[in-house]
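# Summary of structural features
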Amino acid sequence: MSIDISQFLDTFYEESFEGLDTMETELLGLNPGEADAESINTIFRAAHSIKGGSGTFGLMNVADFTHVLETLLDEMRDGRRDVTQPAVDLMLASVDVLREMLTALRNSEEVDSVRVSEVHDQLEALLKGEAASAEDDIVEGAVGDEEENAAGNSTAGWNIGFKPLSHLFKTGNDPVRIIKELSELGSIKASIDLSVMPEFDLLDPEECCLAWQIELGGDATEEQVRDVFAWVDEDCELVIEAIVSGAAEEPEEVSIEPEVIPTPEVVAEEPIVNTEPASASASASASASASASAPVSVAAETAEAKPSAAPAKKPTSSATKKGSAAESGSIRVGIDKVDALINMVGELVITQSMLNQLGEDFTMDRVQKLQEGLSELERHTRELQENVMQIRMLPISFSFNRFPRLVHDLSSKLNKKIELKMSGENTELDKTVMEKIGDPLVHLVRNSLDHGIESPEERVAKGKPEIGILHLNAYHQGGNIVIEINDDGAGLNSDRILQKAIEKGIVGENDSLSDEKIHELIFAPGFSTAEVVSDVSGRGVGMDVVKRNIRDLGGVVEVKSKKDVGSTFTIRLPLTLAILDGQLVRLGDETYIVPLVSIIESLQIKAENVNSIAGGAELYKLREEYLPIIRLHEVFEITPVNSELVNGLLVVVEGDGQQAGIFVDDLLGQQQVVIKSLETNYKKVEGLSGATILGDGTVALILDVAGLVTLSRERVKALKSQAAVA
Amino acid sequence: MNMIQGLESDSLAENSEGNQYLTFLLAGEEYGVDILRVQEIKGWDNVTMIPNTPDYIKGVINLRGTIVPIVDLRARFSLETIPYGITTVVIVLRVNSDNGSRIMGIVVDAVSEVYNISEDALKQAPDFGQAISTDFVMGLGTVDDKMIIVLDIDHLLNSSVLKAISDQVDKNI
């Protein structure tokens, strides 16, 4: 009867990563010398949870590592150790190591043990290095725990009286696990005290009526022993006494061989069971499960449970592997949001039953009531929709939180003094958008730190304060979220950008460009002005990727910069990916939707502006540019209602960096549409990014402009080759 | 969007021996599908055409917020197409595939009956080079001296989707 704990492994990882994030944030906030007790406590608690969790799941290397970290923190918490910058840096490094370890474990990869032991040793060294002074401090404290620990190595063992309070099981703790863990510290001899066990028919399976007297042999320290009970501290009576050296020989008789598992008769007669650890715990769990736990059956199950104990371990580890492969996405939702939803659903149900009643014997004079009911229904539906959307919304602080660390690390690496300011962290946006915006943001921040903000000397020379300021700001504007990354650094160097652009052939030598146009150039592919390619930035794959990622999310990025004053990158993103502003267009009998973001303009076609090149490609002259015309009905093979260009409209769109004109029959309205996937029940269709349902219940397809451009290009090529064959 | 008949598949499964099959008519023949796969039966309604798909994919419909593709079974089996009439129905089915299940609809001439056919009463279909590849036929059942062609809808409809992809590729070349 053991619970398969592997099912909680995902939760453990998730919580551990959250814990690590907390530790990191708090560590960065620690001021050496004047440490805030509350933050140290917070860090300690996080480390402690990770240690406890990893111990439970058998991730011993994580538990060991965290243990050292925890000891260090414990000393800091008690004021026995000063918080120094090296210590903080080392702890930050440990957080990194822990994160790597946990990530590797979750993905069933090898843990980088070299790095782990390196940091582990450093931590140990730090602990030892000041151990001397620590001991000095407690000389006065006479029989401090510490000293006993030091002497603890020679103790023969411990006498542990463990009497859980009756509500122990309800706290989710299992004495079996504790005793198992204890048995790893040394040989143990456990006796069970059934004296408070009630009559069988009075037995409440959820109450613990057992108590143990455990003799622990071996050289475990008291601290180690207490650690085992750390989780149940408040839910049990615990007595730990050292076995005096006189009783040192005792361990010999302690280790009872498996063969001596007591027979049922023994147990029946004797309420106190002497048994080997595994079976002691097995009997405990048997009675804990308690569906059939008269003392007699306890031992009967003991015998059965024993052999199964060992094989039970293996499936657990394989299950762990499987679970880690599929990382399930989950969101933490505030209880208030869920409550709001429940309220709303309640109202919806009331409205629905009201309408139902109305419909049962409807007469024309109640039409007024019906209309009221319907408008209420509409209101509730809309509110419900908004609230469900809210659930997917998370404050952008989830994304911003990683920046203090990044700035901290980079500024010391680059020898710059940088202050990070953040505002609008509570601005909410869709989880999916948040996940995808993370990397571009990191890139922009790195760029600002590396290229933007100057070194302290340079800044002083320019008459600016020594410390550069990087400002991250987020706010809502219309249906968009705006994220600004602002630095007060050198700004973009227009001359150098232009020179580089000419070098790379992105612009012609004699082109005259406005400053804004020049600044736009940094988003061109393969562009980097960093003279030295550092590992921070300068590989020139950056900004165009940033721009593309943002565009994939349906957003835009702009840059404003002034020499020696600073630069501001502004990212505008839609709040959610599930809803899109669309332009409805008519094509024959079908309605299609063009995403509004990709439309540049729509115009009436003038016959004199239509030109064609040999091979069938038609071009439209728009001001000074020639745009390829995509005849949608040809690409989609729909019978056209009209094929005369002049009778239709041209929607000028930009997709994948190229402009094109889509020839449609008519423009209908604009509206927000909910994106539905075609792939769920069918498959991806080229030229379409999804479908939506219009107000009348019919399905309309959403055009994928970039895909459409490619599709029509391929079509023209195919036509050409056909013509060549003919 | 008039629903002709809603089927509670769960309750039907319990009080039967052997498997239950919903049968439908297609060009005079009676075909059967596993009734547990049937989500609902609805009348033919207009669909939204999907561009660049083979003609047996009629398009997609909105089934309570889900986009469901519709396959014309006559066209799929290369039978002569007839204009849709009042008995023409769409049977919405749950199709299992390697990557989860999908919902698809098939257009048939008319629904017929629900029969119990035990597993061993299904006979292997002989391969005579008919339009319907025997791959798609799970077996032939007999009820009241009538032959029922029991279809393997997973294979049939998944291959329809896959074939649509290869057809599209062919067209592009």
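Residues numbered from 1 in each chain as written. Chains lettered and ligands numbered in written order. Predicted model: local features only at pLDDT ≥ 70, side-chain atom pairs only at ≥ 80, totals over all residues.

Helix and strand counts for chain A stand at 24 helices and 23 strands. Considering chain A as a whole, with its 726 residues, one finds that 30% of them fall into the buried category. For chain A, long-range pairs separated by at least 24 residues make up 69% of all intrachain contacts whose partners lie at least 6 apart in sequence. (Helix = DSSP H or I, 4+ residues; strand = E, 2+ residues; numbered from the N terminus. Buried ≥ 20, exposed ≤ 12 C-beta atoms within 10 Å, placed from the backbone. Contact = placed C-beta atoms within 7 Å.)

Moving on, we come to the sheet that holds strand E17 (residues 618-622) of chain A. Residues and elements named next belong to chain A. What the six strands build is an open sheet, ordered E15-E19-E20-E18-E17-E16; its pairing is mixed. Two strands lie at the open edges of the sheet, namely strand E15 (599-604) and strand E16 (610-612), each paired on one side alone. Direction aside, the axes of adjacent strands within the sheet are offset by 35 degrees on average. Here four bridges tie E17 to strand E18 (residues 625-631), and the two strands are oriented antiparallel to one another. Bridged to Leu619 within E18 is Pro628. (Pairing = 2+ DSSP bridges. Axes fitted to C-alpha atoms, helices over the stretch in contact; angles between N-to-C directions.)

This paragraph deals with the pairing of strand E19 (residues 649-655) of chain A. All names here are of chain A. In this structure, E15 lies alongside E19, joined through five bridges in antiparallel fashion. For Ile599, the partnering residue across the bridge sits in E19 and is Val653. Note: E19 against strand E20 (residues 658-664), seven bridges, orientation antiparallel. By the bridge assignment, Leu650 is partnered in E20 with Phe663.

A separate point is the sheet that holds strand E12 (residues 566-574) of chain A. Residue and element names in this part refer to chain A. Strand order across the open sheet formed by five strands is E7-E9-E10-E12-E11, with mixed pairing between neighbours. The open sheet has two free edges, formed respectively by strand E7 (418-423) and strand E11 (556-562), since each of these has just one partner strand. Each strand axis lies, on average, 15 degrees off the axis of its neighbour in the sheet, ignoring direction. Across seven bridges, E11 lies against E12 in antiparallel orientation. From the neighbouring strand, Lys562 faces E12, where its bridge partner is Gly566. The strands touched by helix H18 (residues 431-452) within the sheet are E7, strand E9 (468-477), strand E10 (480-487) and E12, with E10 carrying the most contacts at an inclination of about 20 degrees.

Our next topic: the packing of helix H4 (residues 85-106) of chain A against helix H5 (residues 113-129) of chain A. The relative placement of two packed helices is expressed as an angle between their axes plus a distance between the axes. All names here are of chain A. At their nearest, the axes of H4 and H5 sit 10 Å apart, and the two run at 150 degrees to each other. As judged from the angle between their axes, H4 and H5 are roughly antiparallel. H5 is crossed by H4, and the crossing has left-handed handedness. Each of Ala87, Leu90, Ala93, Ser94, Val97 and Met101 in H4 lies in contact with H5, whose residues at this interface are Arg115, Val116, Val119, Gln122, Leu123 and Leu126. Of the residues in the contact of H4 with H5, the class split is nine nonpolar, two polar and one charged. (Parallel < 35°, antiparallel > 145°, perpendicular 65-115°, else oblique. Left-handed = near helix turned anticlockwise from the far one by under 90°. Nonpolar A, V, L, I, M, F, W, Y, C, P; charged D, E, K, R; others polar.)

Of note in this structure, A:Arg623 is not a glycine but carries a positive phi near 50 degrees. Mapped onto the elements, A:Arg623 comes out in the loop between E17 and E18. Despite not being glycine, B:Asp145 has its phi angle at roughly 65 degrees, a positive value. Looking at the secondary structure, you find B:Asp145 in the loop between strand E10 (137-143) and strand E11 (146-151).

Turning our attention to the nonpolar core. Among the nonpolar cores identified, the biggest contains 75 residues, and B:Val60, B:Ile91 and B:Leu93 are the most heavily contacted of them. Top element by residues in this core is strand E7 (residues 89-97) of chain B. It accounts for six residues. If near-sequence neighbours (up to four positions away) are discounted, B:Leu93 is found in contact with B:Val33, B:Arg37, B:Val38, B:Gln39, B:Met104, B:Ile106 and B:Ile153. By size, the runner-up hydrophobic cluster in this structure holds 35 residues, among which are A:Ile418, A:Val445, A:Met543 and A:Leu573. (Core = buried A, V, L, I, M, F, W, Y, C linked by C-beta atoms within 7 Å.)

Moving on, we come to the interface of chain A and chain B. Accessible area lost when the parts come together is the quantity often used to give the size of an interface. Contact residues are listed per partner, giving 22 residues for chain A and 19 residues for chain B. Taken together, the elements giving at least two residues each to the side of chain A that touches chain B come down to strand E22 (688-693), strand E23 (699-703) and helix H24 (705-725) of chain A. Considering each element in turn, the side of chain A that touches chain B owes the most residues, three residues, to E23(A). Across the side of chain A that touches chain B, the residue classes break down as 11 nonpolar, five polar and six charged.

In this section: the packing of helix H3 (residues 60-77) of chain A against H5(A). Residue and element names in this part refer to chain A. Look at H3 against H5: their axes get within 10 Å of each other, and the N-to-C directions meet at 25 degrees. In terms of orientation, H3 lies roughly parallel with respect to H5. The two elements H3 and H5 cross, and the hand of that crossing is left-handed. Only Val116, His120, Leu123, Glu124, Leu126 and Leu127 of H5 make contact with H3, whose side of the interface consists of Asn61, Phe65, Val68, Leu69, Thr71 and Leu72. Tallied by class, residues from the contact of H3 with H5 come to eight nonpolar, three polar and one charged.

We now examine the pairing of strand E14 (residues 590-595) of chain A. All names here are of chain A. In this structure, strand E13 (residues 579-587) lies alongside E14, joined through six bridges in antiparallel fashion. Its bridge partner lying in E14, Val585 is registered against Tyr592. Here E14 pairs with E23 via two bridges, running parallel. Directly across from Ile593, in E23, lies its bridge partner Ile702.

Quick look at helix H1 (residues 9-29) of chain A now. Owing to its 3.6 residues per turn, the α-helix brings residues three or four apart onto one side. All names here are of chain A. Spanning 21 residues, H1 covers 30 Å between terminal C-alpha atoms, matching the ideal 30 Å at 1.5 Å per step. Within the span of H1, buried status applies to Leu9, Phe12, Tyr13, Ser16, Gly19, Met23, Glu24 and Leu27. Along H1, the residues classed as buried sweep out an arc of 140 degrees about the axis, all on the same side. (Expected span 1.5 Å × (residues − 1). Arc of directions from axis to C-beta.)

Below, the discussion takes up the confidence of the model for chain A. Residue and element names in this part refer to chain A. With 79% of its residues at a pLDDT of 70 or more, chain A shows a mean pLDDT of 74. No element of chain A has a lower mean pLDDT than helix H13 (residues 295-325), which averages 39, and none a higher one than E23, which averages 90. Across residues 131-154 the pLDDT falls below 50, and counting only partners more than four positions away or on other chains, this stretch makes 16 contacts in the model. (pLDDT = per-residue confidence, 0-100.)

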